[in-house]
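# Working through the structure, step by step
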Amino acid sequence: MSEITEKIKEELIKRCKIYDEKYDYDFWNEHIKYVVKNAVELAKKYEADVEIVELGALLHDIALPSEYGDREEHNVYGTEIAEELLTKLNYPEDRKNKVKECILRHRGSKDLPRNTIEEECVADADVIAHFDCIPALFRLAYYELKLNVKDGEEYIKKKLERDYYKLSERTRNIIKDRYFNIIKVLFFNK
């Protein structure tokens, strides 16, 4: 982890702790740390710029714990926060723009084109993180959405399926066995 990446991580964790104290949801431990881990692994596998990918992964959801802007457009607002933070750290303009594109294009639900391998790594890692922290999906279904058992089960199954098919084809092939094992374990009698 580079010095700039470490500083961004510290700032992000600080914002996540404040959010957690307020809303009892820890973005860092329930989502972002998994995105970062997966993004770095994909960047190495696909020979992408690891620092750009790591920064993009760290900052991809920063607007959410920062409570900045509309949740549905957190990718757009996240680029504004990234601009501010990376500018303060004198991060080179051309590299800053690459990080911001990773943040902007990470949303699978927005069906945005991925123009670089770095953007693909961050977007795919965001999806894979849902397979890393299944309890967070249960929390969403049963605690936040207040679904009954049957509806919650269907919600989680469809969410995992949608996520799997949002992945780039090559990443989908890498995690195919893992995805089908998760489905088999969670929904074995369906």
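Residues numbered from 1 in each chain as written. Predicted model: local features only at pLDDT ≥ 70, side-chain atom pairs only at ≥ 80, totals over all residues. Heavy atoms only, no water.

## Focus on the overall build of the protein chain
Summing up its helical and strand segments, the protein chain has nine helices and zero strands in all. Ordered by position in the sequence, the α and β elements of the protein chain form the string α-α-α-α-α-α-α-α-α. A compact globule built from 190 residues should have a C-alpha radius of gyration of about 16 Å, and the protein chain, at 16 Å, falls within 12% of that. By its C-alpha atoms, the protein chain is 55 × 40 × 25 Å across when sized along the principal axes. Taking all 190 residues of the protein chain together, 48% fall into the buried category. By sequence separation, contacts in the protein chain at least 24 residues apart represent 63% of the contacts at least 6 residues apart. For the protein chain, the accessible area works out to roughly 10000 Å², and carbon and sulfur atoms hold 49% of it. (Helix = DSSP H or I, 4+ residues; strand = E, 2+ residues; numbered from the N terminus. Rg over C-alpha atoms; globule rule 2.2 N^0.38 Å. Buried < 20%, exposed > 50% of the residue type's maximum accessible area, 1.4 Å probe, protein only. Contact = heavy atoms within 4.5 Å. Areas by Shrake-Rupley, 256 points an atom, 1.4 Å probe, with all protein chains shown as cover.)

## Brief notes about the packing of helix α2 (residues 27-46) against helix α3 (residues 50-59)
At their nearest, the axes of α2 and α3 sit 9 Å apart, and the two run at 165 degrees to each other. Looking at the two axes, α2 sits roughly antiparallel to α3. Of the two possible hands of crossing, α2 and α3 adopt the one that is right-handed. Between α2 and α3, the contacting residues are W28, I32, V35, V36, A39, V40, A43 and K44 on the first element and V50, V53, E54, A57 and L58 on the second. In terms of residue class, the contact of α2 with α3 is made up of 11 nonpolar, no polar and two charged. (Axes fitted to C-alpha atoms, helices over the stretch in contact; angles between N-to-C directions. Parallel < 35°, antiparallel > 145°, perpendicular 65-115°, else oblique. Left-handed = near helix turned anticlockwise from the far one by under 90°. Nonpolar A, V, L, I, M, F, W, Y, C, P; charged D, E, K, R; others polar.)

## Focus: the packing of aromatic side chains
Enumeration over the complete set of coordinates arrives at 10 aromatic pairs. Note on Y68 and Y77: the rings are 5.6 Å apart at their centroids and 90 degrees apart in plane angle, and the pair reads as edge-to-face. For Y68, a relative accessible area of 37% puts it in the partly exposed group. Each member of the aromatic cluster is reached from another via a ring pair, and the members are F131, Y164, Y165, Y179 and F180. The cationic tip of K146 hangs over the ring face of Y143; the distance from NZ or CZ to the ring centre is 5.5 Å. Lying over the aromatic face of Y46, R170 brings its terminal NZ or CZ to 4.0 Å of the ring centre. (Phe/Tyr/Trp six-rings, centres within 6.5 Å; stacked < 30°, edge-to-face > 60°. Lys NZ or Arg CZ within 6 Å of the ring centre and 35° of its normal.)

## Section: unusual backbone geometry
Phi is positive for D24, which is not a glycine, with a value near 60 degrees. Considering the arrangement of structural elements, one finds D24 in the loop between α1 (3-23) and α2. Even without glycine at this site, E47 takes up a positive phi of about 60 degrees. Tracing the backbone through its elements, the reader meets E47 in the loop between α2 and α3. You can call E47 exposed: its relative accessible area is 73%.

## Some words on the nonpolar core
L59, L86, V99, C121, F131 and L160 are the most contacted members of the largest nonpolar core, which totals 57 residues. In terms of residue count, the dominant contributor to this core is α2 (11 residues). The contacts of L86, once residues within four sequence positions are left out, are I4, I8, L55, L59, Y91, K96 and V99. (Core = buried A, V, L, I, M, F, W, Y, C linked by side-chain atoms within 4.5 Å.)

## Thoughts on the confidence of the model for the protein chain
The share of residues in the protein chain with pLDDT of 70 or more is 97%, and the mean pLDDT across the chain is 94. When pLDDT is averaged over each helix and strand of the protein chain, the minimum, 93, is found for helix α7 (residues 134-144) and the maximum, 98, for α3. (pLDDT = per-residue confidence, 0-100.)

## Re the environment of K17
Examined against the element boundaries, K17 turns out to sit in helix α1. Taking C-alpha positions, K17 is 10 Å from S66, a pair spaced 49 residues apart along the chain.

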